[in-house]
Amino acid sequence: MEWETVIGLEIHAQLATNTKIFSGASTAFGAEPNTQACAVDLALPGTLPVFNESALRMAVMFGTAIDAEIGKVSVFDRKNYFYPDLPKGYQTSQLFYPIVGKGHVDIELADGSTKRIGVTRAHLEEDAGKSLHEDFANMTGIDLNRAGTPLLEIVSEPDMRSAEEAVAYVKKIHSLVTNLGICDGNMAEGSFRCDCNVSVRYKGEEKFGNRTETKNINSFRFIEKAIKGEVERQIDILEDGGSITQETRLYDADKDETRSMRSKEEANDYRYFPCPDLLPIVIDDEYIDTIRQSLPELPDARQARFIEAYSLSEYDAGVISAYKPMSDFFETVVQVSGDAKLSANWVMGELAKHLNQNDTDISVSPVTADQLGGLLLRIKDNTISGNIAKKVFETMWSEGGTADEIIEAKGLKQVTDSGAIEKIVDEVIAANQKQVEQYIAAEPDKRGKMIGFFMGQVMKASGGKANPGQVQGVMKKKLDSLC
Amino acid sequence: MLNKTLAELAKGLDQGEFSSVELTQAYLDRINKEDSRYNSFITVTDELALRQAADADAMRAAGQATAMTGLPLAHKDIFCTQGVRTSAGSKMLDNFVSPYDATIIRKFNAAGTVSLGKTNMDEFAMGSSNESSFYGACKNPWDLDRVPGGSSGGSAAAIAAGLTPAATGTDTGGSIRQPAAFCNLTGLKPTYGRVSRYGMIAYASSLDQGGPMALTAEDAAMMMNVMAGLDPLDSTSTDKAVPDYTASLDQPLSGLKIGLPKEFFAEQLNPEIAATVQAAIKEYEALGATVKEVSLPNTALSVPAYYIIAPSEASSNLSRFDGVRYGYRCEEPKDLEDMYKRTRGEGFGTEVKRRIMVGTYALSEGFYDAYYKKAQQIRRLIQQDFVRVLSEVDVIMGPTTPTTAFKLGEKTSDPVEMYMEDIFTLSLNLAGLPGMSIPCGFSNGLPVGLQIIGNYFAEEKLLNVAHKFQQATDWHTRKPEGI
């Protein structure tokens, strides 16, 4: 029997508002504990919430971007449970009437095909604070700076069938919210985190298996690993004749395993009811239309434009358009260099490699888009070869400077003087008589491949500076004249 | 200078008969000498009061006095007052000193009033007799063996005993009107949303409403001029324009249409109360009003609906009292659960626990539809009854309470009998309508209250209707023996 995995995801995206969802306190990350929590966030007796409209605007932006129904009337509910970092003893959320209803996004699968993933709903809610266990002996500290930060909880349909699909979906949502500018997407700081609902069933069966929910995973890699591990665990149990307990699990990245947090029996009864301190949010079509019309270009549209305008491959266009800072960078490089394909290759190749190795985001790249564009210009006008360009890029990355300055300072300018090239070619032919004989002896149609050896020798002798096109022409002519 | 109304005291201050400091000192002396008999204050703020009085005298000297500058008041201990203990009558908040002022406190301070102290109340405003206060029961100045009513019993007793000329109260199910009736005072529960709830410790958010308690309708109007209005910190407060409540007090009553709901005069009503109220209605007819019998058919459902909705909201509102951030915390908790259980077990009194339990049950999974949702449906029916009747008449009149002030301890063992105390008052809270109680006579030497109910935002009309009655009668001028 073959197993099938069923995955549904709940993504918590922290909305990039300046102030909290129900108070005027700042949402900035990293301040001293409890310095960004006002009387409302501390849930002092008598305090009341006031809804921050920019959170509404951001939620509606997301809803229109995924082609979802927008709730004309949405209502805040109280989700009641006790926890030390939940100051009011309830979380204000939306259960019955969420702001965003059914929508969808399309993901690309490994085989190049597209799959549509349903979004069940997305609702507004407030974040809780944080418990601090370090620095306290036998005690726990509470930091309420994060309490009241607006979250958009995006709930998917159980439409994903593998960890890879799940990651593709999460990346898609991540790309959407960052492109919309409604979430900074910083997973390490918890601005974007994910709960994974996972179950398995025999292929062909309609009924879902019992599922587990693995909470608060905050990297794409961990999502994939946690799901894979959880699927394996569930299949092992079922194949041993056991059954899956519906429960909440935690992913331990150090041990790369999930472990039980609480079972359904221990689960809270949240006693949801409409929050009497907040009026229902009522919006009209005009409000929604205005937001729809002011949406920035979204990744899918941008990918299509890149294919159309720059003749990029679907893959290249997809990678570059997924992350707004990267697509902005790319477009500047194209503008300067005038060559889209070359620009795409360099952004996704040399630049991405350096960013990865140095764990740096493209938005703070030490080589700017203008610098890279300038470098590509020098490749195009044959001032330097592609290989030399890589050396120039290294220098640019570590020391700065424009391509022209570096080429000048290091004397990397390509040799295009035909006399000089002919001289090197003659020297290489003279020094490699054995290979010349083999060339002459070879069938004419095999000679083309053999020329690479001579090319390499010339480039080596010229320190990479000889113009490869010219070398190729001269070399072929001279060798062929010997045949 | 004591035993005067706010309006009379304001005149005295204006004409320089006495200073605010002299007036304040006289009240403080009386409180300190006599309040041990009534237990109407939880906290007396001598120093603060004299400082505010001196400021008020300075304001007056500088020509900056408002209508209420220099007038002493007392505030129910449910309103947060900066730098002063705010206990809500509970052991839970016995050590709580508020770091901020409730909106109405801020407004009274800005108007230059003097705060004598914080008055006794049923714990978290849950009660109809003031017997559930952690600080002990308060006594009715008309008969020290009887209750002053609740939950604003401290405010009522303090005014009736001449310890303050007026006070603030809150009314969730009748807590301004019932003690006003028991203590021969004028009390107004405004329309829900007319007076800000910010800084008023929440009992049941959709029902709670602050308002004035005073000797006359004129005084209540003066207080409303300060208290009413939109508060950006309370999303449920309304931006409807605030009239000058003292300006229209003298409008003639000719043509006034009074509705008498037959359900308020059913056979169970104490005949002496019925007769007293009927006599007051006759007085209104003499003043030019016409009377019509009307029906509020769902009146009998208001008590059960109220005692689902109010405890449900209370169970959630009181979750924040968990021993984590402020208020009472049990000694040496073993772990988190132990801290929650013992903190709340030791910090809350019996009536509060009872309502938390009822509310938790009503909201729990599987019972929500049968209780909470059903109660909300009944609430709508009750509201529709009122809207229909108030389209036919200007005001509705009836008794405020089914009995006069009862004996201390008489109803504490039977919560349901205690809940029936509010049968005529709490339907207004469910509907969000304004209502008043004014003195209209005596039964066995104890005051009887006439309840006047108006349409949404008809406070002006109610005060006018009450004021005209008080000009034609002298019930409101009667004082307990020895005051």
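This structure is a prediction, so every number in the text was calculated from the model and none was measured. (Residues numbered from 1 in each chain as written. Chains lettered and ligands numbered in written order. Predicted model: local features only at pLDDT ≥ 70, side-chain atom pairs only at ≥ 80, totals over all residues. Heavy atoms only, no water.)

**Some thoughts on the overall build of chain A**
Keep this limit in mind: Put simply, DSSP H or I for four residues or longer makes a helix, DSSP E for two residues or longer makes a strand, and each gets a number counted from the N terminus. For the radius of gyration, the atom set is restricted to C-alpha positions; the globular benchmark scales as 2.2 Å times the number of residues to the power 0.38. Here the term buried applies to any residue with accessible area under 20% of the maximum for its type, exposed to any over 50%, and partly exposed to those in between, with areas from a 1.4 Å probe on protein chains only. Note on contacts: a residue pair qualifies if any of its non-hydrogen atoms lie within 4.5 Å across the two residues. Only the protein chains shown count as covering a residue, and every accessible area follows the Shrake-Rupley method with a 1.4 Å probe.
In terms of regular secondary structure, chain A is built from 15 helices and 15 strands. In summary, chain A has a C-alpha radius of gyration of 30 Å against a globular reference of 23 Å for 483 residues, an excess of more than 25%. In terms of principal-axis extent, the alpha carbons of chain A reach across some 95 × 55 × 55 Å. Sorting the 483 residues of chain A into buried and exposed places 51% on the buried side. When contacts within chain A are restricted to residue pairs at least 6 apart in sequence, long-range pairs at least 24 apart make up 68% of them. On chain A, roughly 22,700 Å² of surface is accessible, and the fraction owed to carbon and sulfur atoms is 49%.

**Some words on the UniProt feature "domain: Amidase" (unreviewed entry) in chain B**
Where we set the bar: UniProt positions are given in the numbering used here, feature names are shortened, and annotations may be inferred rather than shown by experiment.
UniProt annotation of "domain: Amidase" (unreviewed entry) refers to residues 22-463 of chain B when read in the numbering used here. Secondary structure content for residues 22-463 of chain B is 38% helix and 14% strand, and the end C-alpha separation is 30 Å.

**Concerning the UniProt feature "active site" (unreviewed entry) in chain B**
Residue and element names in this part refer to chain B. Which entries qualify depends on this criterion: Within 3.5 Å is the distance limit for a polar contact, defined as a pair of N or O atoms, with the added protein rule that one can donate a hydrogen and the other accept it, and that residues adjacent in sequence qualify only through two side-chain atoms.
Within this numbering scheme, the UniProt entry marks Lys76, Ser151 and Ser175 as carrying the feature "active site" (unreviewed entry). A compact arrangement is adopted by the annotated residues: their sequence extent is 100 residues, whereas the largest C-alpha distance between any two is 11.1 Å. At 2.7 Å, the side chain of Lys76 and the side chain of Ser151 are in polar contact. With a relative accessible area of 0%, Ser151 lands in the buried category. Those residues in contact with Ser151 that sit more than four places away from it in its chain are Lys76, Asn120, Met121, Asp122, Ala125, Met126, Gly127, Asn130, Thr170 and Ser175.

**What about the sheet that holds strand β1 (residues 3-14) of chain A?**
Residues and elements named next belong to chain A. Short version of the rule: In short, DSSP must find at least two bridges between two strands for them to pair. Structural elements are reduced to axes, namely lines fitted to C-alpha atoms, with helices fitted over the stretch in contact, and the angle between N-to-C directions of any two is expressed from 0 to 180 degrees.
Taking strand neighbours across the sheet as the criterion, the eight strands line up as β5-β6-β9-β1-β10-β11-β12-β13 in an open arrangement whose pairing is mixed. Among the strands making up the open sheet, the edge pair consists of β5 (103-108) and β13 (257-263). Between one strand axis and the next, the sheet turns through 30° on average, direction left out of account. Inspection of the sheet shows strand β10 (residues 192-202) paired to strand β11 (residues 212-217) by four bridges, in the antiparallel sense. If you follow Val198 over to β11, its bridge partner there is Thr212. Seen against the sheet, helix α2 (residues 163-180) touches β1, β5, β6 (114-126), β9 (150-156) and β10 and runs at an angle of roughly 115° to β5.

**Side note on the packing of aromatic side chains**
Counted only if it meets this: Here is the rule: rings of Phe, Tyr and Trp (six-membered ring for Trp) pair when centre to centre is within 6.5 Å. Planes less than 30 degrees apart are stacked, more than 60 are edge-to-face, and the remainder are tilted. Only when the NZ atom of a Lys or the CZ atom of an Arg is both within 6 Å of the ring centre and within 35 degrees of the ring normal do we say a charge sits over the ring.
As enumerated under the stated definition, the model contains 35 aromatic pairs over all chains in all. Note on Trp346(A) and Phe393(A): the rings are 6.0 Å apart at their centroids and 55° apart in plane angle, and the pair reads as tilted. Placement of Trp346(A) in helix α8 (residues 340-357) and of Phe393(A) in helix α10 (residues 386-399) is noted, with a sequence separation of 47 residues between them. Of the two residues examined, Trp346(A) and Phe393(A), each falls in the buried class. Centre to centre, the rings of Phe321(B) and Tyr326(B) are 6.2 Å apart; their planes meet at 75°, and the pair counts as edge-to-face. For the residue pair Phe321(B) and Tyr326(B), the accessibility class agrees, reading buried in each case. In this arrangement the basic side chain of Lys79(A) is found over the ring face of Tyr270(A), its NZ or CZ atom lying 4.4 Å from the centre. For Lys411(B), the ring lying beneath its charged end belongs to Phe406(B), and the centroid distance is 4.6 Å.

**Digging into helix α11 (residues 350-363) of chain B**
Which entries qualify depends on this criterion: For a helix, the expected span equals 1.5 Å multiplied by the residue count minus one. To be clear, the arc concerns the directions from the helix axis to the C-beta atoms.
The terminal C-alpha atoms of α11(B) lie 20 Å apart, and with 14 residues this matches the ideal 20 Å at 1.5 Å per residue to within 8%. Taken together, the buried positions of α11(B) are occupied by Glu351(B), Val352(B), Arg355(B), Ile356(B), Gly359(B), Ala362(B) and Leu363(B). Across the axial projection of α11(B), the buried residues extend over an arc of 135°, all falling on one side. Exposed positions of α11(B) whose direction lies more than 90 degrees from the buried face are Thr350(B) and Met357(B). In the core, the buried residues of α11(B) are packed alongside β14 (273-274) of chain A together with α9 (299-317), α10 (336-347), α12 (369-390) and α13 (415-420) of chain B.

**Focus on the packing of helix α9 (residues 369-380) of chain A against α10(A)**
Residues and elements named next belong to chain A. We count it as follows: Any angle between 65 and 115 degrees counts as roughly perpendicular, while under 35 counts as roughly parallel, over 145 as roughly antiparallel, and the rest as oblique. Crossing handedness is read from the near helix: turned anticlockwise from the far helix by less than a right angle, it gives a left-handed crossing, and turned clockwise, a right-handed one. Ten residue types, Ala, Val, Leu, Ile, Met, Phe, Trp, Tyr, Cys and Pro, are classed as nonpolar, four, Asp, Glu, Lys and Arg, as charged, and the remainder, Gly among them, as polar.
At their nearest, the axes of α9 and α10 sit 10 Å apart, and the two run at 160° to each other. For the element pair α9 / α10, the angle class is roughly antiparallel. Handedness of the α9/α10 crossing: right-handed. In this structure, α9 contributes Gln371, Leu372, Leu375 and Ile379 to the contact, and α10 contributes Ala389, Val392, Phe393 and Met396. Of the residues that constitute the contact of α9 with α10, the class distribution is seven nonpolar, one polar and no charged.

**Quick notes on the domain arrangement of chain A**
Applicable threshold: For the purposes of this description, domain bounds are those given by an automatic or database domain assignment.
Along its sequence, chain A is carved into domain 1 (3-288), domain 2 (304-410) and domain 3 (418-482). If you average the C-alpha positions of domain 2 of chain A and of domain 3 of chain A, the two centres end up 31 Å apart.

**A short note on the state of the cysteines**
Selection rule: Any cysteine sulfur atom paired with another within 2.5 Å is treated as part of a disulfide.
According to the stated counting rule, one finds zero disulfides over all chains in the structure shown. Here Cys440(B) is not disulfide-linked; the sulfur of Cys183(B) is the nearest cysteine sulfur, at 15 Å.

**As for the sheet that holds strand β4 (residues 90-93) of chain A**
Residues and elements named next belong to chain A. Here we have three strands laid out as an open sheet, ordered β4-β3-β14, and antiparallel in their pairing. Looking at which strands have only one partner, the edges of the open sheet turn out to be β4 and β14. Note that strand β3 (residues 77-80) and β4 share four bridges and pair antiparallel. Following the sheet pairing, Asn80 is matched in β4 by Tyr90.

**What to know about the pairing of strand β9 (residues 395-399) of chain B**
Residues and elements named next belong to chain B. Among the five residues in β9, five count as buried, and that is most of the element. Sheet topology places β9 next to strand β11 (residues 446-453); four bridges connect them, and they run antiparallel. By the bridge assignment, Met397 is partnered in β11 with Ile452.

**Examining a nonpolar patch on the surface**
Residue and element names in this part refer to chain B. The condition that has to hold: Patch membership is restricted to residues that have no salt bridge and whose relative accessible area is over 30%. Joining uses 9 Å for like charges and 5 Å for the nonpolar side chains Val, Leu, Ile, Met, Phe, Trp and Tyr. Any carboxyl oxygen of Asp or Glu within 4 Å of a side-chain nitrogen of Lys or Arg constitutes a salt bridge here.
Where nonpolar side chains cluster on the molecular surface, the patch consists of Tyr361, Phe367 and Tyr371 and spans about 270 Å² of accessible area. Considering the arrangement of structural elements, one finds Tyr371 in helix α12. Residue classification places Tyr371 among the partly exposed positions, given a relative accessible area of 32%.

**A word on the UniProt feature "domain: Asn/Gln amidotransferase" (unreviewed entry) in chain A**
UniProt records the feature "domain: Asn/Gln amidotransferase" (unreviewed entry) at residues 328-479 of chain A, using the numbering of this structure. Across residues 328-479 of chain A, the secondary structure splits into 76% helix and 0% strand, with the terminal C-alpha atoms separated by 47 Å.

**Description of the interface of chain B and chain A**
Counting from both sides, the interface comprises 37 residues of chain B and, opposite them, 33 residues of chain A. Where chain B packs against chain A, one counts one salt bridge. Here Arg197(B) ties to Asp277(A) by a salt bridge, and the two come within 3.1 Å at their closest N and O atoms. Linking chain B to chain A there are 18 residue pairs in polar contact (both at pLDDT 80 or more). If you list the elements that add at least two residues to the side of chain B that touches chain A, you get α9, α10 and α11 of chain B. For the side of chain B that touches chain A, the element with the most residues is α9(B), which contributes four residues. Residues that form the side of chain B that touches chain A fall into these classes: 19 nonpolar, eleven polar and seven charged.

**Observations regarding a negative patch on the surface**
All names here are of chain A. What counts, and what does not: Charge counting treats Lys and Arg as positive and Asp and Glu as negative, with His and both chain ends excluded. Lys charges are placed at NZ, Arg charges at CZ, Asp charges at CG and Glu charges at CD.
A cluster of acidic side chains, namely Glu232, Asp236, Glu239 and Asp240, defines a negative patch on the protein surface. Tracing the sequence through the fold places Asp240 in the loop between α3 (220-239) and β12 (247-252). What makes Asp240 exposed here is its relative accessible area of 70%.

**Points about the environment of Ala472(B)**
Residue and element names in this part refer to chain B. When you line up the elements, Ala472 lands in helix α15 (residues 459-472). For the pair formed by Ala472 and Ala286, sequence separation is 186 residues and the distance between their alpha carbons is 9.8 Å. Ignoring anything within four residues of it in the chain, the contact list for Ala472 reads Glu283 and Leu287.

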